[in-house]
Amino acid sequence: MITIKKYTQLFIIIFLVSAFNIKAQKIDTTFAKKPIDYMTYINLVGKNNLAYSAEKFNINIADAAIQTARIFPDPQLGFGWFDNGQRRMKMGYGFNSEVSWTLEMGGKRKARIEVARNQAQLSRLLLDDYFRNLRADATLVYLSAIQSRIVLDVESNSYLQMKKLAESDSIRFKLGVITQVDARQSKLEAGTMLNDVFSAEAEWKASLANLSLLSGKAKSDSLWYPQGDFSGFERQFSLSDLVIEAQNNRADLKAALQNKTVSQSLLKQAKADRAIDLGLSFGVNNASYVRNTIAPTPAMTTVNAGISVPLKFSNNRSGDLKAAQYGTLQAETTYKQTELQIQTEVTQAYYTYIAAQKQVNQFKSGLLTEAKAILEGKIYSYKRGQSSLLEVLNAQRTYNDVQHDYYGTLYNYAVALVELERAAGIWDINL
């Protein structure tokens, strides 16, 4: 029989154990972390992301192509020397020189420049679209890091609570209040929860490493530590307005429209290339004095100029012209497909966001608070011997599940907003 003295000792020991700040000593939180807010992070991504930096070179390449398109055909300079080979008969020798140049007709140079300029503009629009997706992807990585940190906190808190309970049960078993099976069960549950903590810790650190990857951070001595939470993601949208916004703002739709312009300029160039070019030439010939006694000839210098006209039998083959014509039809079809794809993406993202919004509102009815109150009540009753350990464990699992569902729903809500604004080509995200 347990005396009042033993009950008093038991109460004091449990109180001291519960009041002592017990931490999961095996959890590594000592690595170097640098706090970073969302806007600073996004600015670093736009500035230092290596893949984005590589894409920027397409602009320089396109600008260089414009300079190349401006080039005129190079002239050709030729020299020659001849010897009549009759030295015994003193027939003499001489040399000649000639400059030739191709005069492009049909507006070839103008067509080349137009194609190069349109392609440069297309490269700029594609770069804008690349950043649109990069910004959204970086935001999702940032949100994932916050979510991983929250999951780690949930698992750590659950483990610490169960660890305190296990230590308390160990003392209670020694005092004869509970059976050894219950003491072992609570200890086993604490060990299982610690494994969950280790798993959550690994996922958290992996998500922090992704932040460094997208921001171009090469140093590995520390990791970015994102700041913020999942508040501030509530918006009110109209689907029809979002579709219009997307059609006006999406860079990939602008790029598809610009691609139509490029294909039309390529068609003009193909037609211009079929025009006949003229060859211009100018030459000087000099022959030395012929000392032949039969037909002596004084030294002379002659000048000649000429025009050559190529016989473009290749114009009978119109494969390049047909290819350019089909290219314009293809660009028109691609534009229509892109327009339809954007409308579909916006519609899908909109309904996903609305569904996530409803799920968040469901949690506002007090599910999380109710689950926590039930757990605390079960633990209190268990310590007083009025409920079983199994009831406590079930309440603990229910509370953990509700927490995971709650924070997972908040995370999905934030992700849905990011995807919706990505699809609509708008952006006002700020954590």
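As the structure is a computational prediction, the values presented were derived from the model and not from experiment.

Cut-off values and rules
- For every chain, the first residue of the written sequence is number 1, and numbering continues from 1 onward in sequence order.
- Only residues with pLDDT of at least 70 get local features here, since the model is predicted, and only at 80 or more are side-chain atom pairs given and counted; chain-wide, interface and lining totals rely on the full set of residues.
- The side-chain quantities take in all heavy atoms of the structure and omit both hydrogens and water.
- Segments assigned H or I by DSSP are reported as helices when at least four residues long, segments assigned E as strands when at least two residues long, and all are numbered from the N terminus.
- Relative accessibility under 20% of the residue-type maximum defines a buried residue, over 50% an exposed one, and the middle range a partly exposed one, all with a 1.4 Å probe and only protein chains included.
- In what follows, a contact means two residues having at least one pair of non-hydrogen atoms within 4.5 Å.
- Note on areas: Shrake-Rupley, 1.4 Å probe, and residue coverage restricted to the protein chains presented here.
- One side-chain nitrogen of Lys or Arg within 4 Å of one carboxyl oxygen of Asp or Glu is enough to make a salt bridge.
- In these notes, a set of buried Ala, Val, Leu, Ile, Met, Phe, Trp, Tyr and Cys residues joined through side-chain atoms within 4.5 Å is what counts as a nonpolar core.
- Of all possible arcs, the one meant is that of the directions from the helix axis to the C-beta atoms.
- Surface patches are drawn from residues lacking salt bridges whose relative accessible area is over 30%; two like charges belong together within 9 Å, two nonpolar side chains (Val, Leu, Ile, Met, Phe, Trp, Tyr) within 5 Å.
- On a scale of 0 to 100, pLDDT captures the predictor's confidence in every residue.
- Each axis is a line fitted through C-alpha atoms, taken for helices only over the stretch in contact, and angles between the N-to-C directions span 0 to 180 degrees.
- Note that the term roughly parallel is reserved for angles under 35 degrees, roughly antiparallel for angles over 145, roughly perpendicular for angles of 65 to 115, and oblique for everything else.
- Crossing chirality is assigned from the near helix's rotation relative to the far helix, an anticlockwise turn below a right angle marking it left-handed and a clockwise turn marking it right-handed.
- Side-chain classes follow a simple rule in which Ala, Val, Leu, Ile, Met, Phe, Trp, Tyr, Cys and Pro form the nonpolar group, Asp, Glu, Lys and Arg form the charged group, and the remainder, Gly included, forms the polar group.
- In protein, a polar contact means a hydrogen-donor-capable atom and an acceptor-capable atom, both N or O and within 3.5 Å, with residues adjacent in sequence counting only if both atoms are side-chain atoms; elsewhere, any N or O pair within 3.5 Å suffices.
- By convention, a stacked pair of Phe, Tyr or Trp rings (six-membered ring in the case of Trp) has centres within 6.5 Å and planes under 30 degrees apart, an edge-to-face pair has planes over 60 apart, and any other such pair is tilted.
- Whether a charge lies above a ring is judged from NZ of Lys or CZ of Arg, which has to be within 6 Å of the ring centre and within 35 degrees of the ring normal.

**What about the overall build of the protein?**
So, step 1. Along its length, the protein carries 10 helices and 6 strands.
So, step 2. Expressed as a percentage of its 431 residues, the buried residues of the protein come to 37%.
So, step 3. Restricting to contacts in the protein with at least 6 residues of sequence separation, those with at least 24 account for 82%.
So, step 4. Entry remark: accessible area of the protein is about 25200 Å², with carbon and sulfur atoms responsible for 56%.

**So, the pattern of salt bridges**
So, step 1. With the rule as written, the count across this model stands at 15 salt bridges.
So, step 2. In this structure, Asp137 engages Arg422 in a salt bridge whose closest nitrogen and oxygen atoms are separated by 2.9 Å. Highlighted residues: Asp137 in helix α4 (residues 108-174) and Arg422 in helix α10 (residues 389-424), separated in sequence by 285 residues.
So, step 3. Exposure remark for Asp137: the relative accessible area of 35% places this residue in the partly exposed category.
So, step 4. The salt bridge partner of Arg250 is Glu345, with a shortest N-O separation of 3.1 Å. With a gap of 95 residues between them, Arg250 in the loop between α6 (239-249) and α7 (251-272) and Glu345 in helix α8 (residues 319-363) connect regions that are remote in the sequence.
So, step 5. A residue is classified by how much of its surface remains accessible, and Glu345, at 27% relative accessible area, is partly exposed.

**Quick notes on the nonpolar core**
So, step 1. Grouped together as the largest cluster of nonpolar side chains are 77 residues, with contacts concentrated most on Tyr41, Leu211 and Phe230.
So, step 2. The element contributing the most residues to this core is α4, with 19 residues.
So, step 3. The contacts of Tyr41, once residues within four sequence positions are left out, are Ile36, Ala138, Val141, Tyr142, Asn210, Leu211, Leu214 and Ser215.
So, step 4. Counting residues in each nonpolar core, the second largest holds 6 residues, with Ala62, Ile66, Ala69 and Ala116 among its members.

**Describing α6**
So, step 1. For α6, every residue scored as buried is listed here: Leu242, Val243 and Ala246. With its buried residues spanning 100° around the axis, α6 presents them on a single face.
So, step 2. Of the surrounding elements, those touching the buried residues of α6 are α8 and α10.

**Quick notes on a nonpolar patch on the surface**
So, step 1. A grouping of Phe72, Trp101, Ile276, Leu280, Ile307 and Val309 is seen on the molecular surface, where their side chains present a nonpolar patch of about 560 Å² in accessible area.
So, step 2. Within the secondary structure, Ile307 sits in strand β6 (residues 300-308).

**Considerations on the confidence of the model for the protein**
So, step 1. Residues of the protein with pLDDT of at least 70 account for 87%, and the chain-wide mean is 84.
So, step 2. The low-confidence segment residues 1-25, where pLDDT is below 50, has 27 contacts with residues more than four positions distant or belonging to other chains.

**Some details on the packing of α8 against α10**
So, step 1. One way to put it is that α8 packs onto α10 with a least axis distance of 8 Å and a crossing angle of 155°. On the basis of the axis angle, α8 is roughly antiparallel to α10. Of the two elements, α8 crosses α10, and the hand of that crossing is left-handed.
So, step 2. Of the residues assigned to the contact of α8 with α10, the class counts are 17 nonpolar, 5 polar and 3 charged.

**Comments concerning the side chain of Thr338**
So, step 1. Along the chain, the position of Thr338 falls in helix α8.
So, step 2. Here the side chain of Thr338 touches Thr334 through a polar contact of 2.8 Å, landing on its backbone oxygen.
So, step 3. In contact with Thr338, not counting residues within four places along its chain, are Asp252, Leu253 and Ala256.

**What about the packing of aromatic side chains?**
So, step 1. The tally for this structure, following the rule as stated, stands at 11 aromatic pairs.
So, step 2. Taken together, a centroid distance of 5.3 Å and an interplanar angle of 70° make the contact between Tyr350 and Tyr351 edge-to-face.
So, step 3. Note on Tyr350: relative accessible area 14%, which makes it buried.
So, step 4. The ring of Phe72 is capped by Arg109, whose NZ or CZ atom sits 4.2 Å from the centre of that ring.

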